[in-house]
Amino acid sequence: MNECVHVALGERAYDVQIGPGLIDEAGARIAPLLARPRVAVLTDETVAGLHLEALRAGLAAAGIEMVSLALPPGEATKGWPQFTRAVEWLLEQRVERRDIVVALGGGVIGDLAGFAAAVLRRGVRFVQIPTSLLAQVDSSVGGKTGINTAQGKNLVGAFHQPALVLADTAVLATLTPRDFLAGYGEVVKYGLLGDAEFFDWLEVEAPAMAGGDMGARVRAVTRSVQMKADIVVCDETEQGDRALLNLGHTFCHALEAATGYSDRLLHGEGVAIGCALAFELSSRLGLCSQEDPSRVRAHLRAMGMKVDLADIPGDLPDAAGLLGLMAQDKKVVDGQLRFILARGIGQAFVTSDVPGHAVHGLLEEALAAR
Ligand code: GLY
């Protein structure tokens, strides 16, 4: 059942291996990268409780010793204090230039550990073992690493590609339904941005996938990673088309800021709502048919996901307030907001040419329906 996607980035090329049971086989899979049989693992306390012993056993099976540091779970970890702690711990553990750092966890751990590896001794290699669906299909692939600061999310970081990604689809069974569906927001994004057939397939198979069908899980993660790899290979440092991966994210980032990055709205939930809004905006601008946003919304609803602003609990700013938050997005270029819009399902494109009043009108109506 195992799949492998090769990310063809020349001397920074690597494999993303996908399938159930990869943590048990981690030793044999990581061994070819090692100069000596020892790795340093960064994880969080929740993931450590679930998967760290399995990783220790998987590494030991190939004679690899492991030291580990478990950071507190949650987005608040992705800042200077825990980053400093992680880097100093890696130095205390005498991680050398030719050693490997392993990131075992979701997006927070992957981003922080990747950034720590990027700066440690001016750069050591790292392996991603993503344990959330979101991390398996998005954040563990493509080399974006970093931390948040008081000024905003992901504003300090580096492009640092992993040396290997092991996406063990068996660990997805330990996610809460809410976290699984939030990750699914990123899966559906791939179909919507560039592969209408994948979206057709998801409409039929995603309920079984959410229910635990392993074949469907492997296929969905593999197709998502393949699409991400194709885009990253063309535009590693986001000078152009990589921005397509941000479908739904301009709306999402404003909604996350408005809800204080709290569990009122998970990132993947914001992506799903943002994708629905991006298709609605595309339809209003005459770029795609009215049926497209209806189909997007119907699928998200059928999956039991958040679709509308009305699905976000608590107060939200008014339309002008949300537009103001969008203007702080780091994808603003020369003061111009960049949107990812679509000419149909699977046909997204990047544009700065969106009239502000159209966005304002859309948000006003979406807020009024709350
Ligand atoms: N998550 C968007 C990117 O990796 O470019």
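A. Highlighting the site of the ligand. Surrounding the ligand, one finds Asp138, Lys144, Lys228, Glu238, Arg242, Leu245 and Asn246. Here Lys228 contributes a side-chain N or O atom positioned 2.6 Å from an oxygen atom of the ligand. Between the ligand and Arg242, the relevant distance is 2.7 Å, taken from an oxygen atom to a side-chain nitrogen or oxygen of the residue. Against a free-state accessible area of 200 Å², the protein chains account for coverage of 89% of the ligand. The residue makeup of the shell around the ligand, split by class, is one nonpolar, one polar and five charged.

B. Just the environment of Gly110, in detail. Within the element layout of this structure, Gly110 appears in helix α4 (residues 107-119). Gly110 sits in the buried class, given a relative accessible area of 5%. In this structure the C-alpha to C-alpha distance between Gly110 and Ala48, which are 62 residues apart in sequence, comes to 14 Å. The contacts of Gly110, once residues within four sequence positions are left out, are Ala103, Phe126 and Gln128.

C. Region of interest: the sheet that holds strand β9 (residues 164-168). The seven strands are arranged β1-β2-β9-β6-β5-β3-β4 in an open sheet whose pairing can be described as mixed. Strands with a single pairing partner mark the edges of an open sheet, and in this sheet they are β1 (3-7) and β4 (65-71). Strand after strand, the sheet turns through a mean of 20° between neighbouring axes, direction not considered. As paired elements, strand β3 (residues 38-44) and strand β5 (residues 100-105) share five bridges and run parallel to each other. Bridge pairing in β5 links Val41 to Val102. The sheet strands contacting helix α3 (residues 80-92) are β3, β4 and β5, and the helix crosses β4 at an angle near 160°. Contacts from α4 reach β3, β4, β5 and β6 (125-130), with the element oriented near 170° to β5.

D. Spatial organisation of the packing of helix α9 (residues 249-258) against helix α12 (residues 319-327). At a closest axis distance of 8 Å, the pairing of α9 and α12 adopts a crossing angle of 110°. The pairing of α9 with α12 is recorded here as roughly perpendicular in orientation. Crossing of α9 against α12: the hand is right-handed. Taking contact as the criterion, the partners of Thr250, Phe251, Ala254, Leu255, Ala257 and Ala258 in α9 are, on α12, Leu322, Leu325 and Met326. Looking at the contact of α9 with α12 residue by residue, the class counts come to eight nonpolar, one polar and no charged.

E. Spatial organisation of the packing of helix α10 (residues 267-284) against helix α11 (residues 291-302). In the contact formed by α10 and α11, the axes pass within 8 Å of each other and the chain directions differ by 165°. Here α10 lies roughly antiparallel to α11, going by the angle between them. In terms of crossing hand, the pair formed by α10 and α11 is left-handed. Facing α10, whose interface residues are Ala272, Ala276, Phe279, Glu280 and Ser283, α11 presents Asp292, Pro293, Val296, Arg297 and Leu300. Per-class residue counts for the contact of α10 with α11 are six nonpolar, one polar and three charged.

F. Summary view of helix α13 (residues 356-368). Taking 1.5 Å as the rise per residue, α13 with 13 residues should run 18 Å; its terminal C-alpha atoms sit 18 Å apart, in good agreement. For α13, the complete set of buried residues consists of Ala358, Val359, Leu362, Leu363, Ala366 and Leu367. Burial along α13 is one-sided: seen end-on, the buried residues are contained in an arc of 160°. In this structure, α13 carries His357 and Ala368 as exposed residues pointing more than 90 degrees from its buried face. Contacts made by the buried residues of α13 are with α9, α10, α12 and β10 (339-342).

Rules and cut-offs
- Residues numbered from 1 in each chain as written.
- Predicted model: local features only at pLDDT ≥ 70, side-chain atom pairs only at ≥ 80, totals over all residues.
- Heavy atoms only, no water.
- Near = heavy atom within 4 Å.
- Polar contact = N/O pair within 3.5 Å; in protein donor to acceptor, adjacent residues only side chain to side chain.
- Areas by Shrake-Rupley, 256 points an atom, 1.4 Å probe, with all protein chains shown as cover.
- Nonpolar A, V, L, I, M, F, W, Y, C, P; charged D, E, K, R; others polar.
- Helix = DSSP H or I, 4+ residues; strand = E, 2+ residues; numbered from the N terminus.
- Buried < 20%, exposed > 50% of the residue type's maximum accessible area, 1.4 Å probe, protein only.
- Contact = heavy atoms within 4.5 Å.
- Pairing = 2+ DSSP bridges.
- Axes fitted to C-alpha atoms, helices over the stretch in contact; angles between N-to-C directions.
- Parallel < 35°, antiparallel > 145°, perpendicular 65-115°, else oblique.
- Left-handed = near helix turned anticlockwise from the far one by under 90°.
- Expected span 1.5 Å × (residues − 1).
- Arc of directions from axis to C-beta.

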